[in-house]
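Take a look at the letters that make up each chain.
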Amino acid sequence: MQIDGKEVTVRAGATILEAALSIGISIPTLCHHEKLEPYGGCRICSVEIDSRGRTSVVAACLFPVEPDLVVRTRTKKLDRIRKSLLEMMLSHAPDSEQLLALAQEYGADKNRFEKEASFCIHCGLCVRYCAEVKKKNALGFIDRGARKEINFIPEIAAKECWDCKECFPLCPTSALQAAFVLNKALTFLTPPIETEPEE
């Protein structure tokens, strides 16, 4: 196969992202982690492919390689897609260092969209890491669509999260830490209600 004009041979079943990394070509990602199953949630890794005479845009972290595949990782079309995606994410997390660095690269305006109350960009890294790596399932998504939020499961989180917090560094925004602090304040350390002894 070919990526940005470079010939590359990789194992069957590898993704475009893995193939690109194997020859030193960087593709931006926000929801990818080497220990987790591919997710394709952020779509920042979108690339253009020519396959069997057709051109399309696919998520590099999900799309498997195939013989004679031609991949372009940086085009005007991809820049527009990434710019728009970043602007939407920045409406949730305008101070995220990761997002701001990508915004500068792609010319994204963090003030294009009205600010949202949630800091979460739905990358799913924390939820998937807890489920796939730690096998604890201490947090998950609630609600759907744009209203989807991460939430700790109090009964599990109270036992597992206090001494773990391995998912914290994965979060590209402050959403996870904010959710943890809120849940801790509401449930983890709530002291039992003391009652006056009966006389």
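All of the points below concern the structure found in this document. (Residues numbered from 1 in each chain as written. Predicted model: local features only at pLDDT ≥ 70, side-chain atom pairs only at ≥ 80, totals over all residues. Heavy atoms only, no water.)

1. What about the overall build of the chain?
Then, in step 1: Secondary structure assignment for the chain yields 6 helices and 7 strands.
Then, in step 2: Secondary structure elements of the chain, listed N to C terminal, follow the sequence β-β-α-β-β-β-α-α-α-β-β-α-α.
Then, in step 3: Sequence-distant contacts, at least 24 apart, represent 51% of the contacts inside the chain between residues at least 6 apart.
Then, in step 4: For the chain, the exposed area adds up to about 11900 Å²; of that, 52% sits on carbon and sulfur atoms. (Helix = DSSP H or I, 4+ residues; strand = E, 2+ residues; numbered from the N terminus. Contact = heavy atoms within 4.5 Å. Areas by Shrake-Rupley, 256 points an atom, 1.4 Å probe, with all protein chains shown as cover.)

2. Some words on the pattern of salt bridges
Then, in step 1: Scanning the entire structure with this criterion turns up 10 salt bridges.
Then, in step 2: Glu-48 is paired through a salt bridge with Arg-72; the nearest N and O atoms lie 3.8 Å apart. Here Arg-72 lies in strand β5 (residues 70-72) and Glu-48 lies in strand β3 (residues 46-51), a separation of 24 residues in the sequence.
Then, in step 3: Judged by relative accessible area, Glu-48 falls into the buried class, the value being 11%.
Then, in step 4: Salt bridges sharing partners connect three or more residues here, namely Glu-48, Asp-50 and Arg-72. (Salt bridge = Lys/Arg side-chain N within 4 Å of Asp/Glu carboxyl O. Buried < 20%, exposed > 50% of the residue type's maximum accessible area, 1.4 Å probe, protein only.)

3. Re the environment of Ser-56
Then, in step 1: Here Ser-56 is to be found in strand β4 (residues 54-59).
Then, in step 2: Sequence separation of Ser-56 and Ser-46 is 10 residues, and the distance between their C-alpha atoms is 10.0 Å.
Then, in step 3: Contacts of Ser-56, omitting those with residues within four sequence positions, involve Val-47, Glu-48 and Ile-49.

4. Quick notes on the sheet that holds β4
Then, in step 1: Taken together, 5 strands build an open sheet; the order of strands is β2-β1-β5-β3-β4 and the sheet is mixed. What marks the edges here is a single partner per strand, and that holds for β2 (6-7) and β4.
Then, in step 2: Relative to β5, strand β1 (residues 2-3) runs parallel, the two sharing 2 bridges. When the sheet's bridge partners are listed, Ile-3 is paired in β5 with Val-71.
Then, in step 3: Here helix α2 (residues 76-90) sits on the sheet in contact with β3, β4 and β5, set at roughly 145° to β3. (Pairing = 2+ DSSP bridges. Axes fitted to C-alpha atoms, helices over the stretch in contact; angles between N-to-C directions.)

5. Concerning the packing of aromatic side chains
Then, in step 1: One pass over the structure, following the stated rule, counts 0 aromatic pairs.
Then, in step 2: Over the face of the ring belonging to Trp-162 we find Lys-165, whose NZ or CZ atom lies 4.7 Å from the ring centre. (Phe/Tyr/Trp six-rings, centres within 6.5 Å; stacked < 30°, edge-to-face > 60°. Lys NZ or Arg CZ within 6 Å of the ring centre and 35° of its normal.)

6. Comments concerning the packing of α2 against helix α3 (residues 97-106)
Then, in step 1: At a closest axis distance of 10 Å, the pairing of α2 and α3 adopts a crossing angle of 145°. The two elements α2 and α3 cross, and the hand of that crossing is left-handed. Residues Asp-79, Arg-82, Lys-83, Leu-86, Met-89 and Leu-90 of α2 pack against Leu-99, Leu-100, Leu-102, Ala-103 and Tyr-106 of α3.
Then, in step 2: A breakdown of the residues in the contact of α2 with α3 according to their chemical character gives 8 nonpolar, no polar and 3 charged. (Left-handed = near helix turned anticlockwise from the far one by under 90°. Nonpolar A, V, L, I, M, F, W, Y, C, P; charged D, E, K, R; others polar.)

7. As for empty space enclosed by the protein
Then, in step 1: Taken as a whole, this structure holds 1 cavity of 30 Å³ or more when the rule is applied.
Then, in step 2: Considering only enclosed or pocket space, the largest cavity measures out at about 100 Å³ in volume.
Then, in step 3: Surrounding the largest cavity, 17 residues form its lining, Cys-120, Cys-123, Cys-126, Cys-171 and Pro-172 being those nearest its centre.
Then, in step 4: Secondary-structure elements contributing two or more residues to the lining of the largest cavity are α4 (125-133) and α6 (175-188).
Then, in step 5: Per-class residue counts for the lining of the largest cavity are 14 nonpolar, 3 polar and no charged. (1 Å grid on protein atoms, 1.4 Å probe; cavity = no way out; pocket = protein on both sides within 12 Å on 5 of 7 lines; lining within 4 Å. Points joined across faces, edges and corners; volume = space filled by probe spheres on them.)

8. Focus on the pairing of β4
Then, in step 1: Direction of pairing for β3 relative to β4: antiparallel, over a ladder of 6 bridges. Note on β4: the bridge partner recorded for Val-47 is Val-58.

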